[in-house]
Amino acid sequence: MSSNKRKASNNTQINSCQQPDSKRFCNESILWPDDSQGDSFFSNAKLEDLLSGNNHSNGQLELFGTQAPTPQHNLSGSDNGLFADISFPEPSITPSPKVETKTRRDLSKINLDDDETTADEIFKQIYLNDLSVAEMEDIFHGAEDYSDPLQQNTQIFLDAVAFKKPKTVMKDTNVEVKDTIANNESHLLSKSLLESTVQGTQYETCEKLQNCSMLDPMLWDSQAFADFEKQQQQQQENIEYPTFPSKGDFYGLPDKVRRMIFEHKNIKSLYEWQDECLNLPAIRQRKNLIYALPTSGGKTLVAEILMLRELLCREKNVLFILPYVSIVQEKVSAMSPFAIALDFLVEEYTAGKGKCPPQPCRKRRRLFVASIEKGAVLMDSLIDVDRPHEIGLVVVDELHLIGEKGRGATLEALLTKVMFLNAGIQIVGMSATIGNLSEISSFLKADVYTRGFRPVELKEYIKCGTDLLQIHPNGKTPEEIFIPSRRVNFNYSPAVERADPDHLAGLISECAPEHCCLVFCPTRKNCENVALLLSRIVPKQKFLEHRQSEKVDLMDALDKICGILSPVLAKTLPYGIAYHHSGLTTDERKYIETAYRFGVITVICCTSTLAAGVNLPAKRVIIRAPYVGQEFMTLCKYKQMVGRAGRAGLGEAGESILIAQSKDNLQVGQMMFSPMDKALSSMDHLEAVGLQSLILSVIGLNLAECRRDLNRLINSTLLAVQANALDVAVDDVVLRILREMFKNKVLQLSEPQNNKINKNNCSDIITTQDINQTATTSNRSATNDRRLLIGQSTRFQLTSIGKAAFKAGIDYKRAYAIHKELKLAQHQLILTNYLHLLYLIVCFNSNERGDELFPADALRLFHAYSSLSINKQAIFRQLGFTEAHAAKLFKNQSVQGPLALQLNRLYKVLILDDILDLEPLPNVASKYNVERGTLQHLISQSIAASSAIVRLCDEIDEFWCFKPLFERILRKMDRCGTLELEPLLELPLVKINRAKQLFAAGFKSIEDIAKTHPINLVKSVEHMPLKVATEIISAAKIILMKKLDHLEEETENLKVCLQTNRE
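Residues numbered from 1 in each chain as written. Predicted model: local features only at pLDDT ≥ 70, side-chain atom pairs only at ≥ 80, totals over all residues. Heavy atoms only, no water.

An unreviewed UniProt entry lists the protein chain under the name Helicase POLQ-like, with Drosophila willistoni as the source organism. Taken directly from UniProt, the Subcellular location (unreviewed entry) text for the protein chain runs: "Nucleus". In UniProt, the protein chain has this text filed under Catalytic activity (unreviewed entry): "ATP + H2O = ADP + phosphate + H(+)". (UniProt positions renumbered as here; feature names shortened; annotations may be inferred.)

Take a look at the structure:
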């Protein structure tokens, strides 16, 4: 095709589109101007450049320009946009009617699967030959990381996966199933692959599970539950269980709750399995319960009904543990309307949010929605003040995270203490992906309910080159399991074929924008690159026309509320394409998620965290490569991702497509046939720091005062259940930890040592660290005198540093490290600014190199240091930073030695100082070259550290002066706002920009918001969705309800005191 024809073709695609009966007009010339002089939302981004690769801009232009002026001839009409109303000028380009008609006919109703001619017209009009080398590297970097299309097809894949049948342990109770498998020696299918198709039920008590090696999905049968019920009914006819207080016919709840749930969830009835689960013996008898179903099965609704029963019927508080802060905040907002209507309180416990222990409240019950870490602190605080009985139910979402390194040990410790208390607290856990349910059941002493239920059918495919293979789990050979479905052919031009060898644009165009699509990518950078790639080669007119006015509303909201519209989103959002990963701020992710749920955004390129953290269903899920970061995907991750496809209400079936390259064929096959991931205890990882923290806390809480108590408690952990499999000698590890604690003066005897103690039942505890240096052969008797014999009943307790570590929720080694830093700071604390205090906070979270989250950028550190005042440079000088070091930074050279650690810390200190000075987060991110989401994580981490340091200083008298200082830092960092905005920043979902909007609109206090109507809030505040307005008002009312309860509690206490005095 000649250049003139090519240009004409491109002009056809960029002709403006006009929607009649709408007051908003938008065309590509507005979003992507043809000249550098026009007013534009994105004045440095041009559609023509994207299509042809040419760059016609002259001069330096800002990313986010001024909004196009409102035309003088506004049209009447209404449009219920998602975020707000924005007026646009009339299209400046009037297309030829003939061309416009052809474009609409060809592009708006395409069917890529059936019409090859249309596909040829779409994708062959896209030319990428003019892209520069720099643009290719920027846009397509990572796009071919896993691509090898010429060497991949169905036969290559089937040859690779034809490996030996994996051995699976079968239950002995079902001879028929064993015989079936025995008669099919070539059967390659594992239990894990079958999970997505099984529709039956399996329910086992914890007692019965003790004799079983594992729960076998191949034995799931709908008759099993009925048989179990019948057997149990016959055995327990004469047993009377304590009656559960009932307030209605909806599982003991009043009918008002049923109406609210059905209205809120937009459903008419519960699924059969939900009704079955809510009537289990474990529920009637208040036994611990684990229920496991595939993603999208409706697990959360069961948990919410159980929590409401506990709050309203038994009138006990509930602790709801969720894995991520964002989900905690989302759940607090979602439960707020229920709390107001049903008269209970819902409280957020994350980072600096939530008081520990909570103030007593006799009038209303409370739902504590907490992250794993803050939930553990909350429970410890209740145990410490003898109030654990206030909690009646603990619900854990994503229970499989108990096997995650780090916080998995925190969750395991929390649940161990709850069970060891024996305070009548019921534990309910739910998960979609646990491969060792019997072990988790043994740990929690819980019954197990499993069901292979999905409300919508899921069709799973693997893409091998141009071949799509559908997975049929009931097959017996690779050829019967992986059945060819069709061959994709989108008639790409050679340039597009090189840019998109995986045919992502074609696969997405089959689904979007009529339906939503998720594309899972291995890395964050890859998410952005794929989003850019798709925005260049998807059918332009089709994607641009879809909900175009609302997309511009969204972009304007991101700029005004979040403070920035990223360059990548500026180029992709006009086509309804976005990316989603932790590099975005919470507000940015919230807007993208909301727009996706409303169908404004139809394609999201995301990382694996979205599969576990956010409920975003899709018609089609595409897994671009079977990797999570640099590691190969596990079956657990795969199931979480594909589970997002085919949610109820989105159509008859969902589809998932895993793109496999020839080099990954064998691993893909092994992954598909592997058992589900096991949740393994991480208590013994990193020198058993998790077990060490558990021992520290149970001694501090007086749950264990001697070795006998300690052994009994430790033997009830998941680590003890899995000790043989993990090859861990638990008693030896505990003894080693006790020795270390005595050596480091974290433990001490709580009574004089009994010299007549039986040595056969004792262990030697070395009490002097340097004993090996002073002991010689001639004075062995003296050495023996310096040893301490600890019997099974010898009582011990924490020292002051041990108590401080326990209260702060950290291991004693970190407590000693921060104790050392605070001790040094006592003598020369700089209080002319916040830098020294911020340095101590950063030290709390610092690793050995100080480069956690991100390392320092030498040149940026130099420029930031040079711009500091003399007062602020004092902390640098105190740490030994000289002009010679500054010169090294200027030359972009690294500083070696101990100062390297301190400079990495100081880099974060300067970032936090700018944030405390109310610098906009996007500006700080640009200044220090750190992603905005990472900065938010740094802030959250620093808030948690400040809170921990406050608790630590409260236990050590010599640090009394630090406590009010860190409390001030904690409040300032948690709010990051001016004095007049602080009340508004108490509200969830309200950040600094939203608080400024509310304040400017006249809502200056919590009371002002609580007494307004959601519609008035929407009308008064720009880009305020009705759902968000309702949640903000509900949160404001709950805050006032808490204040009222506190005042009433104080009034009652005063009345009691006065009555006592009269008597």
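(A) Representation of unusual backbone geometry in the model. In the segment running from C356 into P357, the intervening peptide bond is cis, with an omega of -10°. Note on placement: P357 falls in the loop between β4 (345–349) and β5 (366–371). The omega torsion of the bond from A512 to P513 falls at 0°, within 30 degrees of zero and hence cis. Structurally, P513 is set in the loop between α22 (504–509) and β12 (517–520). (Helix = DSSP H or I, 4+ residues; strand = E, 2+ residues; numbered from the N terminus.)

(B) Representation of helix α23 (residues 524–537). Taking 1.5 Å of rise per residue, 14 residues should cover 20 Å, and α23 covers 21 Å from first to last C-alpha, within 8% of that figure. Counting buried positions along α23 gives 12 out of 14 residues, so the element sits mostly inside the fold. Within the span of α23, buried status applies to N526, C527, E528, N529, V530, A531, L532, L533, L534, S535, R536 and I537. (Expected span 1.5 Å × (residues − 1). Buried < 20%, exposed > 50% of the residue type's maximum accessible area, 1.4 Å probe, protein only.)

(C) Just the nonpolar core, in detail. L415, L691, I695, F876, I911 and L952 are the most contacted members of the largest nonpolar core, which has 134 residues in total. Not counting residues within four places of it along the chain, the set of residues in contact with F876 comprises L861, Y865, L868, F881, L903, L906 and L910. Core analysis: the second largest hydrophobic core is formed by 93 residues, L458, C606, M671 and F673 among them. (Core = buried A, V, L, I, M, F, W, Y, C linked by side-chain atoms within 4.5 Å. Contact = heavy atoms within 4.5 Å.)

(D) Summary view of the pattern of salt bridges. Applying the stated criterion across every chain, the model contains 43 salt bridges. The salt bridge partner of K331 is E304, with a shortest N-O separation of 2.7 Å. Of this pair, K331 sits in helix α16 (residues 325–342) while E304 sits in helix α15 (residues 299–312), placing them 27 residues apart in sequence. The exposure classification of K331 matches that of E304, with both residues buried. One salt bridge in this structure joins R932 and E588, with 2.9 Å as the shortest N-O distance. In this pair, R932 sits in helix α46 (residues 932–955) while E588 sits in helix α27 (residues 586–597), placing the two residues 344 residues apart along the sequence. Both residues of the pair, R932 and E588, belong to the buried class. (Salt bridge = Lys/Arg side-chain N within 4 Å of Asp/Glu carboxyl O.)

(E) Region of interest: the side chain of S946. Its place among the elements puts S946 in helix α46. Setting aside residues no more than four positions away along its own chain, S946 makes contact with I841, F966, I969 and L970.

(F) Broad picture of the pairing of β12. Burial of β12 is two-sided: the residues C517 and V519 facing one way and the residues L518 and F520 facing the other way are all buried. Across four bridges, β12 lies against strand β14 (residues 603–606) in parallel orientation. Looking at β14, one finds that L518 is bridged to I604. Inspection of the sheet shows β12 paired to strand β15 (residues 620–623) by four bridges, in the parallel sense. Residue pairing in the sheet places C517 in a bridge with R620 of β15. (Pairing = 2+ DSSP bridges.)

(G) How the structure looks around the pairing of β5. Of all the six residues making up β5, six are buried; the element is thus mostly covered by neighbouring parts of the structure. Residues R366, F368 and A370 point to one face of β5 and L367, V369 and S371 to the other, with burial holding for every one of them. Examined bridge by bridge, strand β3 (residues 317–322) and β5 share five bridges and lie parallel to one another. Pairing of L322 across the sheet is with S371, part of β5. Bridge analysis of β4 against β5 gives five bridges, and the strand direction is parallel. Residue pairing in the sheet places Y349 in a bridge with A370 of β5.

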